[in-house]
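# Summary of the model geometry
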Amino acid sequence: MLNRKTLVIFWFRWGALLLFPTALLAQSEKSDNFQTPLLEKIILDPVYAREHSDYRFRTVEIGTLTLRDAYISPLRLEGSGFKLSFNHLRYTPQALKEFNTSIFSGIAIDRAEDFNLMMLNFGSNYSWQFPFWQKGTWKAYAGPWAQGYGNLRFALQNVNNILGYDAGLELGATGRLEYKFKPGRKEFMLTQQLSLPVIGAFVRPLYTFSGPILGETDQEVSIVQVGTLNRRFGWVYKASLDFYRNRKHKRQIVAQVPYRISYTFQYDQFSKPNSFQSVIQTLTFSKILKY
Amino acid sequence: MKKLHHILLLVGFVLSFSACSELLIEADPADNPVENFELLWREVDAKYTLFEFKNIDWQAVYQKYRPQVNEKTTDEALFNVLSAMLNELKDGHVSLIAPFNAASNRSWFFNYPPNYNANIIDRNYLKEDRRIILPFRTQWVDSSVAYIRYSSFSDGVSGESMNELIKYYGRAKGWIIDMRDNTGGSLGNVDAIMRRLVSAKTKVGAVQYKIGPGSNDLSKFFPYYIEPSESASKYLGKIVVLTNRKVYSAANFFTSAMSVLNNVTILGDQTGGGGGAPYSGQLLNGWSYTFSTTLLLTVDNQHIENGVTPDIKLDLAPADEAKGVDTILERAILLLR
């Protein structure tokens, strides 16, 4: 039976495995020759690091899901899920270019534990972040941000309002704050980033329309809406802490391996014609590789 | 030390964000009888599409039933109040489901003669040479007329089954499609059948749904077309559709759509109605409910919530029924002979 207890037990069993998948993948795919510590490039030699440095990493994140989709149910639903992310950072002399793609899958249930919903969230965004301020080891970036996204929500217990969905393209802005520091002998970098949409276009169900009726019969319906702030609002906040650990062989340090702990808070809101709100919070611990 | 402060600040910042979900997405109200009543009333108020057509004052319904609920109302009592409130809608697509009981409206068929006796059909008309082409039960009657029984629109109709139906009964003088006691199901099956009964794109109805919480927030009418199947296998001969009061929902819409065709006669009793497609929701206590939202309408945008009037009104005569004769089916055979 699906309830909070079974969800907690499921994630407790699989959480440890899911938190370290990139490390497992890296060991099978890359040798030490290809590992270039991210922090070494940035902290020790910032000018060099930003000339065409290219970093890609995959992460698997686990986290929580909270949502209210008025089209599916009037109730607030809570649950958990996991996210696969593919990240690409390119430092050039002019800007930091960042490309992220993620897929989130989760299950949420109501307080009475009688109703459940499955959610799939897909997002792919690209941004150019221009450095505009620097003081000591603090550095700030800002720039344009574009995103394509899709959300699917399945509530098989419902009759005709089984499938809720949102899909859209939008433009917005992103800001990033980096802080490098070295408490003791270990080097760290804190990064915080906030991205939010400003304008776009999206599709989603109209107020109470019956998807199966229109799906079965191929009736033409215009459901594309303009996503201005009063209809579509959201943000993504990401905080990450990069550090590296020495890899030793026969007590000799042979490499410095960068790791990242990252927290992401994603809020999505649609106001009209029926409201939708979701919060996805995820946590990941991953190893970073230079490809 | 300063650097440690920065880390702690970040941790605090992250923890603050994690608490944001509670602020951003408001918690549900407490699970008590009053809040459950209010939630159900509000949901119906915002999303039900037939208040004006049925001349229902939903605000007056609130005034009538709200005093019957308080913090100490038991689950059984609350169920009775909520189901009585929903019964004011007189809608067969309205239901309330609790772990210990389920309520729905039956007035659309209960107070009318049944006009269908499955035993008579099974024993006296579907003989040994009957052919079952799933989901249809079929029989040649009167040597040149095909009897086709379709019990439920929940039973899927495939292209293959329509091919076989037309292959075997394509030469019939006429088809009798018996819809009696078919309480509906999937609208996709309406299309699956009708695509084989038309030779050109035909408008057979319309769809309208709510686009907002206001009582007048209705979409424009979207025409409901049937496109002919690409298959050459079609039946364009005379058809008689048999109906009774238990023809509801998708079957009701099928009847309305078929009545548009020039070669079709609707025979029997007025259908039960059900022109609104059901929509689901949940209460704070875990009970679930359905009520009508999306409207299915006639070709000229009229409601079929109260049913489709037959071309020929006919009841099952008790004397015939006693002799094992289906009055309505016999009349259909006569029409097609």
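Report follows, based on the coordinates. (Residues numbered from 1 in each chain as written. Chains lettered and ligands numbered in written order. Predicted model: local features only at pLDDT ≥ 70, side-chain atom pairs only at ≥ 80, totals over all residues. Heavy atoms only, no water.)

### Re the overall build of chain A
For clarity, the threshold we go by: The secondary structure listing takes helices from DSSP runs of H or I that are at least 4 residues long and strands from runs of E that are at least 2 residues long, numbered from the N terminus. Exposure categories follow from relative accessible area, calculated using a 1.4 Å probe and restricted to protein chains: below 20% of the type maximum is buried, above 50% is exposed, and the middle band is partly exposed. Surface exposure here means Shrake-Rupley accessible area, sampled with a 1.4 Å probe, where a residue is shielded only by the protein chains that are shown.
Helix and strand counts for chain A come out as five helices and eleven strands. Relative to its 291 residues, chain A shows a buried fraction of 54%. Element-wise, carbon and sulfur atoms account for 63% of the exposed surface of chain A, whose accessible area totals about 13,200 Å².

### Looking at the overall build of chain B
The line we're drawing: Radius of gyration here uses only the C-alpha atoms, and the compact-globule reference equals 2.2 Å multiplied by the residue count raised to the power 0.38. The positive count covers Lys and Arg only, the negative count covers Asp and Glu only, and His and the chain ends enter neither. Lys charges are placed at NZ, Arg charges at CZ, Asp charges at CG and Glu charges at CD.
Within chain B one finds twelve helices and 13 strands. Against the 2.2 N^0.38 benchmark of 20 Å for 337 residues, chain B shows a C-alpha radius of gyration of 26 Å, more extended than a compact globule. Put simply, chain B has 337 residues, and 55% of those count as buried. Only carbon and sulfur atoms are counted for the fraction: they give 51% of the accessible area of chain B, which is about 14,800 Å². Between the averaged position of the 34 positive side-chain charges in chain B and that of its 37 negative side-chain charges there is a distance of 6 Å.

### Examining the environment of Pro-223 of chain B
All names here are of chain B. Examined against the element boundaries, Pro-223 turns out to sit in strand 8 (residues 222-226). On the basis of relative accessible area, Pro-223 is assigned to the partly exposed category, the value being 31%. On a C-alpha basis, the gap between Pro-223 and Ser-83 in space is 34 Å, while along the polypeptide they are 140 residues apart.

### Looking at the pairing of strand 1 (residues 95-98) of chain B
Residues and elements named next belong to chain B. Cut-off, in case you're wondering: Any two strands with at least two DSSP-identified bridges between them are counted as paired.
Looking at chain direction, strand 1 and strand 2 (residues 101-104) are connected through four bridges and run antiparallel. Each residue of the ladder has a partner; that of Ile-97, found in strand 2, is Ala-102. In textbook terms, the turn of a hairpin is the stretch between consecutive antiparallel strands, and for strand 1 and strand 2 this stretch comprises two residues.

### A word on the interface of chain B and chain A
Often, the extent of an interface is quoted as the loss of accessible area upon association of its parts. To keep it simple, the criterion reads: The contact criterion used is simple: two residues touch if any of their non-hydrogen atoms lie within 4.5 Å. Two parts lose some accessible area (1.4 Å probe) when they are put together, and adding that loss for both gives the buried area. For this document, the term salt bridge refers to a Lys or Arg side-chain nitrogen within 4 Å of an Asp or Glu carboxyl oxygen. Two N or O atoms count as a polar contact when they lie within 3.5 Å, although within protein this holds only if one can serve as hydrogen donor and the other as acceptor, and sequence-adjacent residues are included solely when both atoms are side-chain atoms.
Listed as interface residues are 50 residues of chain B and, on the opposing side, 50 residues of chain A. Of the roughly 4,200 Å² buried between chain B and chain A, counting both surfaces, carbon and sulfur atoms make up 61%. The interface formed by chain B and chain A includes one salt bridge. One salt bridge connects Arg-68 of chain A with Asp-28 of chain B, and the closest N-O pair in it is separated by 2.4 Å. Where chain B touches chain A, the interface holds 14 residue pairs in polar contact (both at pLDDT 80 or more).

### Looking at the packing of helix 4 (residues 58-65) of chain B against helix 5 (residues 75-87) of chain B
All names here are of chain B. Let me state the cut-off plainly: To get an axis, a line is fitted to the C-alpha atoms, and for a helix only the part in contact is used. The angle between two axes follows their N-to-C directions and goes from 0 to 180 degrees. When an angle is under 35 degrees it counts as roughly parallel; over 145 it counts as roughly antiparallel; between 65 and 115 it counts as roughly perpendicular; any other value is oblique. Put simply, a crossing is left-handed when the front helix is turned counterclockwise from the back one by less than a right angle, and right-handed when it is turned clockwise.
The interhelical angle for the contact between helix 4 and helix 5, taken along N-to-C directions, is 155°, at an axis separation of 10 Å. If you check the angle between helix 4 and helix 5, you find them roughly antiparallel. Pair helix 4 / helix 5 crosses with right-handed handedness. Along the contact surface, helix 4 presents Trp-58, Val-61 and Tyr-65, while helix 5 presents Val-81, Ala-84 and Met-85.

### Concerning the pattern of salt bridges
Two side chains bearing opposite charge may form a pair once their charged atoms approach each other closely. Here the structure, examined in full by the defined rule, presents 24 salt bridges over all chains. Across the pair Asp-142 of chain B and Arg-337 of chain B runs a salt bridge, and its minimum N-O distance is 2.9 Å. Taken together, the positions of Asp-142 of chain B in the loop between strand 4 (136-141) and strand 5 (145-149) and Arg-337 of chain B in the segment after helix 12 (327-336) put the pair 195 residues apart, joining distant regions of the chain. As a salt-bridge pair, Asp-315 of chain B and Lys-313 of chain B come within 2.9 Å of each other at their nearest N and O atoms. For Asp-315 of chain B, a relative accessible area of 33% translates into the label partly exposed. Each member of the salt-bridge network shares a partner with another, and the members are Asp-69, Arg-153, Asp-166 and Arg-204 of chain A.

### Notes on empty space enclosed by the protein
Where empty space is left in the structure can be found by rolling a water-sized probe over the atoms. All names here are of chain A. We count it as follows: With a 1 Å grid spanning the protein atoms alone, the term cavity applies to any set of points in which a 1.4 Å probe fits but cannot get out, the term pocket to an open set with protein on both sides within 12 Å along at least five of seven lines, and the term lining residue to any residue with an atom within 4 Å of a point. Grid points are joined across faces, edges and corners, and a volume is the space filled by probe spheres set on the points. Residue polarity follows a fixed list, in which Ala, Val, Leu, Ile, Met, Phe, Trp, Tyr, Cys and Pro are nonpolar, Asp, Glu, Lys and Arg are charged, and the others, Gly among them, are polar.
Scanning all chains against the criterion turns up five cavities of 30 Å³ or more. A volume near 420 Å³ is recorded for the largest cavity. If you go around the largest cavity, you meet 30 residues; those closest to its centre are Asn-100, Asn-125, Val-236, Lys-238 and Thr-264. Among the residues making up the lining of the largest cavity, the classes are represented as five nonpolar, 18 polar and seven charged.

### Examining the environment of Gly-136 of chain A
Along the polypeptide, Gly-136 of chain A turns up in the loop between strand 4 (116-135) and strand 5 (138-154). Each C-alpha atom, one on Gly-136 of chain A and one on Leu-206 of chain A, is 52 Å from the other, the two residues being 70 residues apart in sequence.

### A closer look at a positive patch on the surface
Stated precisely, the cut-off is as follows: Within the patch definition used here, like charges are joined within 9 Å and nonpolar side chains (Val, Leu, Ile, Met, Phe, Trp, Tyr) within 5 Å, considering only residues with over 30% relative accessible area and no salt bridge.
On the surface, Arg-185, Lys-186, Arg-245 and Lys-248 of chain A cluster together into a patch of positive charge. Mapped onto the secondary structure, Arg-245 of chain A falls in strand 9 (residues 232-249).

### Notes on the packing of aromatic side chains
Stated precisely, the cut-off is as follows: For this analysis, a ring pair means two rings from Phe, Tyr or Trp (six-membered ring only for Trp) whose centres lie within 6.5 Å, classed as stacked if their planes differ by under 30 degrees, edge-to-face if by over 60, and tilted for the remaining angles. For a lysine, the NZ atom is tested; for an arginine, the CZ atom; a charge sits over a ring if that atom is within 6 Å of the ring centre and within 35 degrees of the ring normal.
Applying the stated criterion across every chain, the model contains 39 aromatic pairs over all chains. On the basis of an interplanar angle of 75° and a centroid distance of 6.0 Å, the ring pair of Phe-233 of chain A and Trp-235 of chain A is categorised as edge-to-face. Between the aromatic rings of Trp-235 of chain A and Tyr-267 of chain A, the centroid separation amounts to 5.2 Å while the plane-to-plane angle is 45°, which identifies the pairing as tilted. One end of the pair, Trp-235 of chain A, is in strand 9; the other, Tyr-267 of chain A, is in strand 10 (residues 252-270), and 32 residues separate them in sequence. Both residues of the pair, Trp-235 of chain A and Tyr-267 of chain A, belong to the buried class. Taken together, the ring pairs connect Tyr-71 of chain A together with Phe-37, Trp-41, Tyr-48, Phe-51, Trp-58, Tyr-62, Tyr-279, Tyr-289 and Phe-291 of chain B into an aromatic cluster. Seen from the ring of Trp-128 of chain A, Lys-97 of chain A lies directly overhead, with NZ or CZ sitting 4.6 Å from the centre. Sitting over the face of the ring of Tyr-149 of chain A, Arg-232 of chain A holds its NZ or CZ atom 4.8 Å from the ring centroid.

### Concerning helix 12 of chain B
Within helix 12 of chain B, the full set of buried residues consists of Thr-327, Ile-328, Leu-329, Ala-332, Ile-333 and Leu-336 of chain B. Residue Asp-326 of chain B occupies the N-cap position of helix 12 of chain B, its side-chain oxygen lying 3.1 Å from the main-chain nitrogen of Ile-328 of chain B.

### Topic: unusual backbone geometry
A cis amide bond links Leu-134 of chain B to the next residue, Pro-135 of chain B, at an omega of 10°. Here Pro-135 of chain B shows up in the loop between strand 3 (131-133) and strand 4. Positive phi values are uncommon outside glycine, yet Glu-113 of chain A reaches one of about 60°. Among the structural elements, Glu-113 of chain A can be located in the loop between strand 3 (96-109) and strand 4. Looking at Glu-113 of chain A, the relative accessible area reads 25%, which means it is partly exposed. With a phi angle near 65°, Asp-181 of chain B is a residue other than glycine that sits in the positive phi range. The residue Asp-181 of chain B is located in the loop between strand 6 (174-178) and helix 9 (188-194) in this model.

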